[in-house]
Amino acid sequence: MDTCTAEQALRREAIRRLLQGERPCDICRDLNRGRTWLHKWWSHYQLNPKTDFADRSRSPHTSPHQTPSSVEQVVIRVRRLLEAGQSPETCYGFVGHRAIRAELQRLGVKPLPSLATIQRILAHHDLTHPRGAVADNAYYPELVAWAPNAIHATDIITKHLYGGQVVQNFHTFDHYTHAVFMSQHPDKQSATVSTHLLGSWANLGIPVIEQMDNEDSFRGGHSHPRIIGKVVRLCLFVGVEALFIPEYEGRRNYWVEGFHSLWVEGFWSRETFGELAKVRTEAPVFGRWYHRRYQPPSLEGKTPAQMRRGIETVRLTAALRRLIPERLPITRGRISFIRKVDTMEKVRVLNESWTVGRKWIGEYVWVIVDTAKQTITFWHKADEQSAWKEIKSRQYRLNEVVHPPLPEFRRNRSRCREQWPG
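Quick caveat, the model's predicted, so the values are computed rather than measured.

**Things to note about the side chain of T303**
- For T303, the position within the fold is in the loop between α11 (276-292) and α12 (304-308).
- Residue class for T303 comes out buried when judged on its relative accessible area of 4%.
- Beyond its immediate sequence surroundings of up to four residues, T303 is in contact with H291, R292, R293, Y294 and Q295.

Set out below in structure tokens:
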């Protein structure tokens with residue numbers, strides 16, 4: 001239907017005056033319309049006296065050449081699998097439309113979409129990598145941990161047991177003390193991520209910021225706009241700010257990525273593991289060595305255990321954990337995203353594209369979703385010495401009731417205001 005009700009009212013007035021016997025030339029002159037327009041809507045009225053005078057779509061009722069939704073979903077999934085590179089067949093090579101079509105052909109997908117169709121599907125779902133936005137000379141607004149448990153980084157490294165079974169190794173790294181919490185699981189679903197985080201907060205303490213990449217299980221999926229998944233809801237409920245690094249830039253998680261490398265060299269590559277239970281038994285042994293004997297170069301001769309001595313830690317106790325419901329609401333708090341503005345002047349946040357502006361193409365922006373105020377705000381920092389500049393702020397309506405935090409999870413946490421936008 002036509003959304004312009006003023007135009008519909010004009011059409012309705014023309015027919016009313018024509019029915020009252022006014023001359024067509026007078027009606028067209030008064031309404032600033034032509035005779036063809038008047039005859040069109042008079043014929044339309046004669047065919048259907050109950051018409052609402054709205055425009056009708058001229059598109060065909062059926063589109064025999066439209067790509068089936070099932071094929072479109074296969075294209076999206078293949079693209080994500082190629083980008084993830086988590087198997088020997090996909091860890092190297094290309095991820096573009098030609099590589100995707102070759103994989104669809106190998107899988108026997110019918111009908112096989114053309115290269116142009118695959119490219120349109122990727123563009124429609126914001127899965128393309130604009131060339132002008134890949135330059136790496138923009139300032140990256142990295143936060144530096146100002147205290148123990150200020151910033152935790154959580155990531156997953158996938159390995160295979162002897163025999164082929166997958167084991168997902170979760171590592172949470174405290175940026176300040178370099179302490180780590182490890183857990184191992186057969187999958188990396190959002191419920192599993194939540195279980196790991198609960199264990200991490202009970203062991204290391206509850207952080208101010210939980211930094212993650214854009215894994216679906218972390219952010220809550222890639223299909224629906226403004227979806228706030230289980231992991232983000234858990235962070236909000238406990239009073240933790242979830243921070244998502246830029247898409248396709250895993251190097252921004254370099255602290256935990258560095259621990260992955262150490263873990264592979266000092267643990268995984270030194271044993272042949274055939275069962276998940278064996279990994280879980282031996283991992284704490286490696287953990288004790290790492291915390292008590294290993295001296296990370298950046299800690300100037302101290303171990304992670306020595307860095308944590310004497311600190312006041314707010315941990316997730318058993319009593320606090322019992323307050324967390326199985327079905328998590330949206331709680332008042334902040335969700336942050338660091339994004340690079342593409343050549344279309346846009347960034348993507350929670351499955352929605354937002355226009356930032358031509359001036360910011362190729363620049364990193366910090367995006368804050370405030371669930372209490374229901375706003376989304378875009379910030380920019382030109383360099384290390386510059387202050388944060390607010391680019392713009394918009395309403396960000398959520399389709400759920402936003403709940404206040406429980407008193408037990410309200411804490412005055414120290415923040416490094418010099419680095420923190422907003």
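**Things to note about the side chain of K392**
- As for its placement among the helices and strands, K392 is situated in strand β12 (residues 389-395).
- Salt bridges are absent for the buried K392, whose nearest opposite-charge side chain, E345, sits at 8.4 Å.
- Look past the residues within four positions of K392 in its chain and what remains in contact with it is T355, V356, I376, T377 and F378.

**Description of the sheet that holds strand β5 (residues 241-244)**
- Taken in spatial order, the nine strands make up an open sheet running β3-β2-β1-β4-β5-β7-β10-β11-β12, and their pairing is mixed. In this open sheet, the two edge strands, each paired with only one partner strand, are β3 (180-185) and β12. Ignoring which end each strand starts from, the neighbouring axes of this sheet average 20 degrees apart.
- Inspection of the sheet shows strand β1 (residues 151-160) paired to strand β4 (residues 209-212) by three bridges, in the parallel sense. Note on β4: the bridge partner recorded for H152 is E210.

Each value, and the rule that gives it
Residue numbers restart at each chain and count upward from 1, following the sequence in its written direction. Only residues with pLDDT of at least 70 get local features here, since the model is predicted, and only at 80 or more are side-chain atom pairs given and counted; chain-wide, interface and lining totals rely on the full set of residues. Side-chain figures throughout are based on the complete set of non-hydrogen atoms in the structure, without hydrogens or water. To qualify as a helix, a DSSP run of H or I must reach at least 4 residues; to qualify as a strand, a run of E must reach at least 2; elements of each kind are numbered from the N terminus. Working definition: with a 1.4 Å probe on protein chains only, accessible area under 20% of the residue-type maximum means buried, over 50% means exposed, and in between means partly exposed. By the convention used here, residues are in contact when the closest approach between their heavy atoms is within 4.5 Å. We count Lys and Arg on the positive side and Asp and Glu on the negative side, and we leave His and both chain ends out. Salt bridges are identified by distance alone: a Lys or Arg side-chain nitrogen within 4 Å of an Asp or Glu carboxyl oxygen. Strands were regarded as paired on the criterion that DSSP finds at least two bridges between them. Throughout, an axis means a line fitted to C-alpha atoms (over the contacting stretch in the case of helices), and angles, computed between N-to-C directions, take values from 0 to 180 degrees.

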